[in-house]
Structure formats: structure tokens, C-alpha cells
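Listed below are the residues making up each chain.
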Amino acid sequence: MCTDINRIAELAKEDPKRQFFSIAHLITVEKLCEAFRSLRKDASAGIDGVTYEQYETNAEENIRQLHQRLKKGKYQVQPLRRVYIPKEDGKQRPISIPALEDKIVQKVVVNLLNAIYEQDFLDCSYGFRPGRGQHQMGPGNRHPRILRFHRSIGTR
């Protein structure tokens, strides 16, 4: 984890009622590159048809342009590509696939928000957390606990 994300996590832990009004500046070219490299190379392309391999041929420039669009407020999320996969009962299950750049932005934002909200979870909480899952939960932690979110990401 980067130092600025560590600092955000520290601030969130120190003051559970702290509101973060500006975290967009933490989305950097470096973090976008990290997010791109962490994506599955064999994942299906979104509605724009761009694959990991295609994007990778000019990744540095693509990511710089993506960063500029984000900074200028010109970034537009693309529609999801809808595909249907067969289920065992003969029906079909819809799946929505985001475009590659949308996956990159989502990954960076998830990392930032995890740094903030991870501090609010109890140690016995396992669902939907990075590096944790329901199957890692020990037998002594089987009773559900409710976490009330009290933190907010403010806008000015």
C-alpha cells in the first residue's frame, strides 16, 4: 500500500467520525497503473471491445489520458456489456461486463475506500473484506454482528 493510502487509513482509524471531503487527488497515474496491472489479463472485454492486451500495447499513454479525463471531470463511465450464461436448470443468468478503463477506475476507488472503511469493521467480520472470506471464519465467530456505518464521504 502506498504512503498516502496508509495515511488515510491512519486518519480513519484515529477518528471514526472523520469525514473525508477530498480524496480524488489520491487517484494518481501510478495508482491507475497498479490497478491496470492487477486486472485479469484474460477477462472479457467490455462494450468497447478493448482487451487487456490491446490496452497494454500503449498502456502508459492510455493511463495518462485516463488520468487527465478524471482530473478534468471528462471521464464518462461506459455502458456495461450484457451477456447471458446458461444455468443448470436451462435458464440463463445475465452478467454485466464493464469496459477495461472502468475496471481500472473502479479498482483504484475501491482501494481508496477500503483504506477508509476497513477501519470501521470489527475483527470478527469476514464478509466482503480484502483478504478475508466467510470460509476463514472460525467456529467461535458464527454469530452475526451488525456494523452501523457512521462515516461519510462528504462533498463540498
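Residues numbered from 1 in each chain as written. Predicted model: local features only at pLDDT ≥ 70, side-chain atom pairs only at ≥ 80, totals over all residues. Heavy atoms only, no water.

1. A few points about the nonpolar core
Among the nonpolar cores identified, the biggest contains 27 residues, and Phe20, Leu32, Phe36, Tyr55, Leu66, Ile104 and Ile116 are the most heavily contacted of them. Counting residues per element, the ones that place at least two in this core are helix 1 (3-14), helix 2 (29-38), helix 3 (52-56), helix 4 (59-71) and helix 5 (100-117). Looking at this core element by element, the count peaks at eight residues for helix 5. (Core = buried A, V, L, I, M, F, W, Y, C linked by side-chain atoms within 4.5 Å. Buried < 20%, exposed > 50% of the residue type's maximum accessible area, 1.4 Å probe, protein only. Helix = DSSP H or I, 4+ residues; strand = E, 2+ residues; numbered from the N terminus.)

2. A word on the pattern of salt bridges
Per the counting criterion, the structure on display carries seven salt bridges. A salt bridge links arginine 40 to aspartate 42; the nearest nitrogen and oxygen atoms lie 3.1 Å apart. Assigned by exposure class, arginine 40 and aspartate 42 land together as exposed. A salt bridge links arginine 64 to glutamate 60, with the shortest nitrogen-to-oxygen separation between them at 3.4 Å. Taken together, the residues span about one helical turn, with arginine 64 and glutamate 60 both in helix 4 at a distance of four residues. Take glutamate 60: its relative accessible area is 54%, and that puts it in the exposed class. Where salt bridges share partners, they join Glu60, Glu61 and Arg64 into one cluster. (Salt bridge = Lys/Arg side-chain N within 4 Å of Asp/Glu carboxyl O.)

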